[in-house]
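# Fold and geometry: a report
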Amino acid sequence: MTTVSRPNPPNPDGDDRRRAFAPDFLTELFRNPLDPAYADAAARRRERGPAPGGWPATLTRAITAVTLAAIGLLFAVAYRHALADEPSRSQARAGLVAQINERKDSTERLRSQADGLREDVARLRDAALDETEANRLRELEAGTGLAKVRGDGVVVRLGDAPSAVDAVTGQRNGDNLGRVLDRDLQDVANALWASGAEAISINGQRLTSTSTIRTAGGAILVDFQPVRSPYDVTAIGPDNLGRRFNGTEAARLFRALAGQYGMTFQVRNANRVTLPAAIAPQLRYAEPAATESPSPNASGTTPSTSPSGGGR
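Residues numbered from 1 in each chain as written. Predicted model: local features only at pLDDT ≥ 70, side-chain atom pairs only at ≥ 80, totals over all residues. Heavy atoms only, no water.

We now examine the overall build of the protein. Helices and strands together make up the secondary structure of the protein, namely seven helices and ten strands. Taking all 312 residues of the protein together, the buried fraction comes to 19%. Per element, the accessible surface of the protein, about 23,500 Å² overall, is 55% carbon and sulfur. (Helix = DSSP H or I, 4+ residues; strand = E, 2+ residues; numbered from the N terminus. Buried < 20%, exposed > 50% of the residue type's maximum accessible area, 1.4 Å probe, protein only. Areas by Shrake-Rupley, 256 points an atom, 1.4 Å probe, with all protein chains shown as cover.)

So this is what it looks like as structure tokens:
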């Protein structure tokens, strides 16, 4: 950097001395970046030797080398311990996975046996009843979800939106506003019931009057059975079931969520759909249903009835 000086105006006393401008601060800083005191201290150290009481350079280098060696040894020992523990952790994890798969297979076998026994009981029961009573019982079972049903209906598919990926770490973000919740499945099922559905299942799990849809951890349970995305809510009902459902507030809400957050929402008609039977509920207590016109008993008084029926 060049500093340009300009001449001073002539001195009125006749003195033609001129004042030279000194370099500015930035120029001086770039020319001499090191404080002169450091250079003076280094020169004195070279002349006088190390300060009294200071450690010799050889001893300092030796201490540094020993410290670095100790740190390296600690890292090596920690690494060896981590490698030694890895086989036991992998073995424990493999054992847990094997137990889970074994329990799942056992559950499937028991479920198949239960289905076969249920069919045997239904066959023996129909043989013991006359045709009218057997048909009425089958209709009641179909209405309560305890019998397999087949017919035309609709399939409503809900799916989680893709999770956003962090550009730095590559990990998926935990907050996903387009994830399907348990109350979303509840809203769809209730809207289908209100639209005239006669039977509903979620991913093969038949719904009954005592069914529960709830969240446990990160999974959604339907009657304590885990279901995963995408969720197919299948319903059997009248021919206009799909049109009536599309006109509900729940359908409009999920169409908006699909457009805003990327959630999957599809409604399609389905022919000859088969819904499995639900597991018979374990009722703890029951109350007789209220009758609209209770008949007097033999003493001429009207028996009291419960305002609501059902059981749990």
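On we go.
Applying the stated criterion to the full structure yields seven salt bridges. A salt bridge links Asp120 to Arg123; its shortest N-O distance comes to 2.3 Å. Of this pair, Asp120 and Arg123 both sit in helix α3 (residues 57–128), three residues apart, roughly one helical turn. Beyond isolated ion pairs, a larger network of salt bridges with shared partners links Arg125, Asp126, Arg138 and Glu141. (Salt bridge = Lys/Arg side-chain N within 4 Å of Asp/Glu carboxyl O.)

Moving on: helix α5 (residues 182–194). Spanning 13 residues, α5 covers 19 Å between terminal C-alpha atoms, matching the ideal 18 Å at 1.5 Å per step. Taken together, the buried positions of α5 are occupied by Asp182, Asp184, Leu185, Val188, Ala189, Ala191 and Leu192. Positive backbone phi, approximately 110°, marks Gly196, located one or two places after α5. (Expected span 1.5 Å × (residues − 1).)

This paragraph deals with the pairing of strand β5 (residues 219–222). A regular strand carries its side chains on alternate faces of the sheet. Bridge count between strand β4 (residues 213–216) and β5: four bridges; the pairing is antiparallel. In the strand pairing of β5, Thr215 is matched with Ile220. The loop that links β4 with its antiparallel partner β5 comprises two residues; one of these, Gly217, has a positive phi angle of about 70°. Bridging between β5 and strand β6 (residues 225–227) involves three bridges; their strand directions are antiparallel. (Pairing = 2+ DSSP bridges.)

Let us look at the sheet that holds strand β3 (residues 205–206). Read from one edge to the other, the open sheet built from five strands follows the order β3-β2-β7-β1-β8, with strand pairing classed as antiparallel. Edge positions in the sheet fall to β3 and β8 (264–275), since each of these pairs with one other strand and no more. As judged from the six bridges shared by strand β1 (residues 149–159) and strand β7 (residues 231–236), these two strands associate in the antiparallel manner. Bridged to Val156 within β7 is Val233.

Further remarks concern the layout of surface pockets. The space that makes up the largest pocket amounts to roughly 1,200 Å³. Looking at the lining of the largest pocket, the elements with two or more residues in it are α3, α4 (131–144) and β3. When residues of the lining of the largest pocket are assigned to their parent elements, the largest contribution, ten residues, is made by α3. Here the lining of the largest pocket is built from residues that sort into 14 nonpolar, nine polar and 14 charged. Within this model, the second largest pocket holds a volume of roughly 450 Å³. (1 Å grid on protein atoms, 1.4 Å probe; cavity = no way out; pocket = protein on both sides within 12 Å on 5 of 7 lines; lining within 4 Å. Points joined across faces, edges and corners; volume = space filled by probe spheres on them. Nonpolar A, V, L, I, M, F, W, Y, C, P; charged D, E, K, R; others polar.)

This paragraph deals with the nonpolar core. Within the largest apolar cluster, 28 residues are counted, with the highest numbers of intra-cluster contacts made by Leu185, Val188, Leu192, Val233, Phe245 and Phe254. Considering each element in turn, this core owes the most residues, five residues, to α5. (Core = buried A, V, L, I, M, F, W, Y, C linked by side-chain atoms within 4.5 Å.)

A word on the sheet that holds β4. Strand order in the open sheet formed by three strands is β4-β5-β6, and the pairing between neighbours is antiparallel. The two strands at the open ends of the sheet, each matched to only one other strand, are β4 and β6. Across this sheet, the average inter-strand angle for adjacent strands is 45°, counted without regard to direction. Sitting on the sheet, α5 touches β4 and β5, and the angle it makes with β4 is about 170°. (Axes fitted to C-alpha atoms, helices over the stretch in contact; angles between N-to-C directions. Contact = heavy atoms within 4.5 Å.)

Time to look at the environment of Asp187. Mapped onto the elements of the fold, Asp187 is located in helix α5. In the structure, Asp187 is positioned 64 residues away from Ala251 in sequence and 9.2 Å away in space, judged by C-alpha atoms. Setting aside anything within four residues of it in sequence, one finds Asp187 in contact with Ala250 and Phe254.

Before going further, it helps to examine the confidence of the model for the protein. Mean pLDDT for the protein: 79, with 77% of residues reaching 70 or above. Across residues 1–6, where pLDDT falls below 50, the model places six contacts with residues more than four positions away in sequence or in other chains. Residue range residues 294–312 is modelled with pLDDT below 50. Its contacts to residues more than four positions away, or to other chains, number 26 contacts. (pLDDT = per-residue confidence, 0-100.)

A word on a nonpolar patch on the surface. On the surface, Leu68, Ile71 and Phe75 cluster together to form a nonpolar patch covering roughly 340 Å² of accessible area. By the element assignment, Ile71 lies in helix α3. By relative accessible area, which is 39% here, Ile71 ends up partly exposed. (Patch = residues over 30% accessible without salt bridge, like charges linked within 9 Å, V, L, I, M, F, W, Y side chains within 5 Å.)

What follows deals with the pairing of β1. Most of β1 sits out of view: eight of its eleven residues are buried. Pairing of β1 with β8 involves ten bridges; the strand directions are antiparallel. The partner of Val156 across the bridge, within β8, is Val267.

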